[in-house]
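Single-letter residue listing:
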Amino acid sequence: LAQHIPKLNVTAIDIEPIAIQVSNQNAHRILGPEKKSYKACLSSAADFVHSDSVLFDCVVSNPPYIPKDDMQTLDRTVVGFEAWEALCGGDDDDGMQ
């Protein structure tokens, strides 16, 4: 999004350190070394829920989306690259646990 909307300020969050590292590498590759409009931080959405000091105009999310019952049947190429929490959407597929 930051590449296509020049004045956009992006805050990317994840609970996995490796995801933050990859995100920063991608931002550097796509936006350049300064990447002024992009920052990635190790945190969860819960860290921002009751914060009055951080406001967002828009939130884009990729929540867990695979029903818990389907997790056991996934190919290793899927579960081998993502944390369980990133994939498993709980007892149904609404992304909430």
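Above this text is the structure in question.
Residues numbered from 1 in each chain as written. Predicted model: local features only at pLDDT ≥ 70, side-chain atom pairs only at ≥ 80, totals over all residues. Heavy atoms only, no water.

Caption draft 1: Highlighting the overall build of the chain. From N to C terminus, the chain includes 4 helices and 2 strands. In sequence order, the chain lays out its α and β elements as β-α-β-α-α-α. Dimensions along the principal axes, computed over C-alpha positions, put the chain at roughly 40 × 30 × 20 Å. Long-range contacts, defined as pairs at least 24 residues apart, comprise 45% of the intrachain contacts of the chain with a sequence gap of at least 6. In the structure as shown, the chain presents an accessible area of about 7,800 Å², 53% of it carried by carbon and sulfur atoms. (Helix = DSSP H or I, 4+ residues; strand = E, 2+ residues; numbered from the N terminus. Contact = heavy atoms within 4.5 Å. Areas by Shrake-Rupley, 256 points an atom, 1.4 Å probe, with all protein chains shown as cover.)

Caption draft 2: The arrangement of the environment of Leu8 in detail. Position of Leu8 among the secondary structure elements: in the segment before strand E1 (10–14). Separated by 73 residues in the primary sequence, Leu8 and Phe81 place their C-alpha atoms 29 Å from one another. Leaving out residues up to four positions away in the same chain, Leu8 has contacts with Leu1, Ala2 and Ser37.

Caption draft 3: Fine view of the environment of His4. Checked against the element boundaries, His4 lands in the segment before E1. With 34 residues separating them along the chain, His4 and Tyr38 place their C-alpha atoms 13 Å apart.

Caption draft 4: Layout of the nonpolar core. Core analysis: the biggest nonpolar cluster contains 7 residues, these being Ala2, Val10, Ala12, Ile20, Ala27, Tyr38 and Ala40. Going through the elements one at a time, E1, helix H1 (17–31) and strand E2 (38–42) are the ones with two or more residues in this core. (Core = buried A, V, L, I, M, F, W, Y, C linked by side-chain atoms within 4.5 Å. Buried < 20%, exposed > 50% of the residue type's maximum accessible area, 1.4 Å probe, protein only.)

Caption draft 5: A nonpolar patch on the surface, seen in detail. A grouping of Leu1, Ile5 and Val60 is seen on the molecular surface, where their side chains present a nonpolar patch of about 320 Å² in accessible area. Residue placement: Val60 occurs in the loop between helix H2 (46–49) and helix H3 (76–79). Residue classification places Val60 among the exposed positions, given a relative accessible area of 62%. (Patch = residues over 30% accessible without salt bridge, like charges linked within 9 Å, V, L, I, M, F, W, Y side chains within 5 Å. Salt bridge = Lys/Arg side-chain N within 4 Å of Asp/Glu carboxyl O.)

Caption draft 6: Geometry of H1. Taking 1.5 Å as the rise per residue, H1 with 15 residues should run 21 Å; its terminal C-alpha atoms sit 21 Å apart, in good agreement. Looking at H1, one finds that the buried residues are Ile20, Ser23 and Ala27. Along the long axis of H1, the arc covered by the buried residues comes to 60°, so they all point the same way. Of the exposed residues in H1, those oriented more than 90 degrees away from the buried face are Ile18 and Arg29. (Expected span 1.5 Å × (residues − 1). Arc of directions from axis to C-beta.)

Any link to function would need more than the numbers given here.
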